[in-house]
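Listed below, chain by chain, are the residues.
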Amino acid sequence: MKNNNLKKNNHYGVCHICGKTGMLTFEHIPPKKAYNWERAKIYNGYEALSKSQGEPARYSNSQQGMGKYSLCQSCNNNTGTWYAQAYCDFAMDVIKSLHKGDQPLKHGDIINYRFKDCPALQIVKQVIAMFCSLLPYHEVKRLGFDRLLLEQKSNTVDKELFDLRMYLTSVENGQVMCGPTAVLIKKPNSIEASWVSDLSVYPFGFILNLTPEIPVNYGGSIMDMFDVDYDDKCEFELTLQYLERSNNALPLPLMFKELPNK
Ligand SMILES: [Zn+2]
């Protein structure tokens with residue numbers, strides 16, 4: 001009887017990190033303290049596609065901020081304790097610096113940041129944790145993200161399997177969560193389909209390219225952030241491009257305005 005009741009609950013399912021079946025908890029994407037406490041519209045890739053074909057997309061209008069019921073209590077707590085704070089500090093630093101600038105950013109602008117005492121591995125692991133909520137669990141496993149996140153200090157990733165890129169976004173261009181979606185990339189003599197997930201969480205956007213053999217040129221790769229140890233506080237430079245979406249109502253990955261010619 002009790003078991004039956006559990007299964008009726010919407011939030012019963014497979015944890016996107018450890019793969020155990022049970023009650024799922026709400027994972028804030030990005031973490032709540034990183035500017036995520038307002039109502040949010042949440043789309044997934046399939047809904048975005050149906051919208052592009054003229055049907056209205058369904059979204060959850062979440063009062064809790066943006067996120068998903070995707071992680072078990074234990075994984076939610078662990079990622080929160082091990083990775084989220086570093087990410088929040090990093091995001092709030094960049095938000096402060098963006099507010100200091102007297103000129104608003106323009107699409108395609110490039111800004112150089114120099115960070116000091118920055119726990120780069122913790123930050124990038126929080127980014128991976130956010131993507132895990134958007135990926136089906138079998139993809140999380142194939143990519144090795146389960147082991148990466150379950151072992152607090154691990155920095156083991158297979159760089160042949162994915163590329164992770166980062167850009168800057170505005171509040172208005174705000175929050176978009178796209179699960180892995182095929183994106184057609186026009187080449188001189190052919191069209192190739194890359195498999196991409198796009199997560200735009202002010203002030204950042206992240207692109208997870210699951211077909212790294214077909215490079216995505218937006219933003220800059222942050223794969224180097226996996227090369228340090230968990231406790232390392234590094235000094236590093238990051239070149240971030242500011243990108244605006246061509247259509248805010250149509251949340252498809254990589255739908256950016258055309259870039260001005262260099
Ligand atoms: Zn779990």
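Calculation notes
Each chain carries its own residue numbering, running from 1 in the direction its sequence is written. In view of the model being predicted, local features appear only for residues whose pLDDT reaches at least 70, and side-chain atom pairs are presented and counted only at 80 or more, with totals across whole chains, interfaces and linings using the full set of residues. Elements are defined by DSSP. Helices are runs of H or I of four residues or more, strands are runs of E of two residues or more, and each kind is numbered from the N terminus. Burial is judged by counting other C-beta atoms within 10 Å of a residue's own C-beta: 20 or more means buried, 12 or fewer means exposed, and anything between counts as partly exposed, with every C-beta placed from the backbone. Here, residue contact means that the backbone-derived C-beta atoms of the two residues sit within 7 Å. For our purposes the nonpolar core covers buried Ala, Val, Leu, Ile, Met, Phe, Trp, Tyr and Cys residues that link as a set through C-beta atoms within 7 Å. A fitted line through C-alpha atoms serves as each axis, taken over the contacting stretch for helices, and the angle formed by two N-to-C directions is quoted from 0 to 180°. An angle below 35 degrees is treated as roughly parallel, one above 145 as roughly antiparallel, one from 65 to 115 as roughly perpendicular, and anything else as oblique. Following the grouping adopted for this structure description, the nonpolar residues are Ala, Val, Leu, Ile, Met, Phe, Trp, Tyr, Cys and Pro, the charged ones are Asp, Glu, Lys and Arg, and the polar ones are all others, Gly among them. Should DSSP find at least two bridges between two strands, the strands are regarded as paired. Expected helix span is computed as 1.5 Å times (number of residues minus one). pLDDT is a per-residue confidence score from the predictor, ranging from 0 to 100.

**A short note on the overall build of the protein**
Okay, so step 1: If you tally the helices and strands in the protein, you get six helices and 13 strands.
Okay, so step 2: Looking at the 262 residues of the protein, the share that counts as buried comes to 38%.
Okay, so step 3: Sequence-distant contacts in the protein: of pairs separated by 6 or more residues, those separated by 24 or more amount to 73%.

**Describing the nonpolar core**
Generally speaking, nonpolar side chains in soluble globular proteins are found buried as a group.
Okay, so step 1: The biggest cluster of nonpolar side chains holds 61 residues, and the ones touching the most others in it are Ile128, Phe131 and Cys132.
Okay, so step 2: Elements that contribute at least two residues to this core include exactly α3 (73–100), α4 (120–134), α5 (137–143), α6 (145–150), β8 (163–168), β9 (176–186), β10 (191–201) and β11 (204–209).
Okay, so step 3: Tallying contributions element by element places α4 first for this core, with eleven residues.

**Some points on the packing of α3 against α4**
Each pair of packed helices can be described by the angle between their axes along with the distance between the axes.
Okay, so step 1: Orientation of α3 relative to α4, taken along the N-to-C sense of each, is 110°, at an axis distance of 8 Å. Classified by the interaxial angle, the pair formed by α3 and α4 is roughly perpendicular. Seen from α3, the contacting residues are Thr79, Trp82, Tyr83, Ala84, Ala86, Tyr87 and Phe90; seen from α4, they are Gln122, Ile123, Lys125, Gln126 and Ala129.
Okay, so step 2: A class-by-class count of the residues in the contact of α3 with α4 yields eight nonpolar, three polar and one charged.

**Some thoughts on the pairing of β8**
Okay, so step 1: Judged by how many residues are buried, β8 sits mostly within the fold: six of six residues are covered.
Okay, so step 2: Bridge count between β8 and β11: six bridges; the pairing is antiparallel. Looking at the pairing, Leu164 lines up with Leu208 of β11.
Okay, so step 3: Sheet topology note: the β8/strand β12 (residues 220–221) ladder contains two bridges and is antiparallel. When the bridges of β12 are listed, Arg165 appears paired with Ser221.

**As for the pairing of β11**
Okay, so step 1: With six of its six residues buried, β11 lies for the most part within the structure.
Okay, so step 2: Residues Phe204, Phe206 and Leu208 of β11 are buried on one face, and the alternating residues Gly205, Ile207 and Asn209, pointing to the opposite face, are buried as well.
Okay, so step 3: Sheet topology places β10 next to β11; six bridges connect them, and they run antiparallel. The partner of Ser200 across the bridge, within β11, is Gly205.

**A few points about the sheet that holds β8**
Okay, so step 1: As summarised here, the arrangement of the five strands in space is β9-β10-β11-β8-β12, forming an open sheet in which the pairing is antiparallel. Edge positions in the open sheet fall to β9 and β12, since each of these has one partner strand only.
Okay, so step 2: Strands β8, β9, β10 and β11 of the sheet are contacted by α4, whose axis makes an angle of about 115° with β10.

**Some words on α4**
Okay, so step 1: With 15 residues, α4 should reach 21 Å at 1.5 Å per residue; the first-to-last C-alpha distance of 22 Å fits that figure.
Okay, so step 2: Burial analysis of α4 places 15 of its 15 residues in the buried class, the great majority of the element.

**Quick word on the confidence of the model for the protein**
Okay, so step 1: Mean pLDDT over the protein works out to 83, with 81% of the residues at or above the 70 mark.
Okay, so step 2: Element-level pLDDT for the protein is lowest in helix α2 (residues 45–52), with a mean of 45, against a maximum mean of 98 in α6.
Okay, so step 3: Confidence drops under pLDDT 50 across residues 1–8; counting only partners more than four residues distant or on other chains, this segment forms two contacts.
Okay, so step 4: Contacts for the low-pLDDT stretch residues 41–61, under 50 throughout, to residues beyond four places or in other chains number 38 contacts.

**So, the environment of Phe236**
Okay, so step 1: Position of Phe236 relative to the elements: it lies in strand β13 (residues 234–241).
Okay, so step 2: Look at Phe236 and you get partly exposed, because 14 C-beta atoms sit within 10 Å.
Okay, so step 3: For the pair Phe236 and Arg114, spaced 122 residues apart in the sequence, the C-alpha separation amounts to 5.7 Å.

**Examining unusual backbone geometry**
Okay, so step 1: Following Ile29, the chain continues into Pro30 via a peptide bond in cis, with omega recorded as -5°.
Okay, so step 2: Its location among the elements puts Pro30 in the loop between β3 (25–28) and β4 (40–42).
Okay, so step 3: Look at the link from Tyr202 to Pro203: it is a cis peptide, with omega at 5°.
Okay, so step 4: Tracing the backbone shows Pro203 in the loop between β10 and β11.
Okay, so step 5: The phi angle at Asp117 is positive, at roughly 50°, despite the residue not being glycine.

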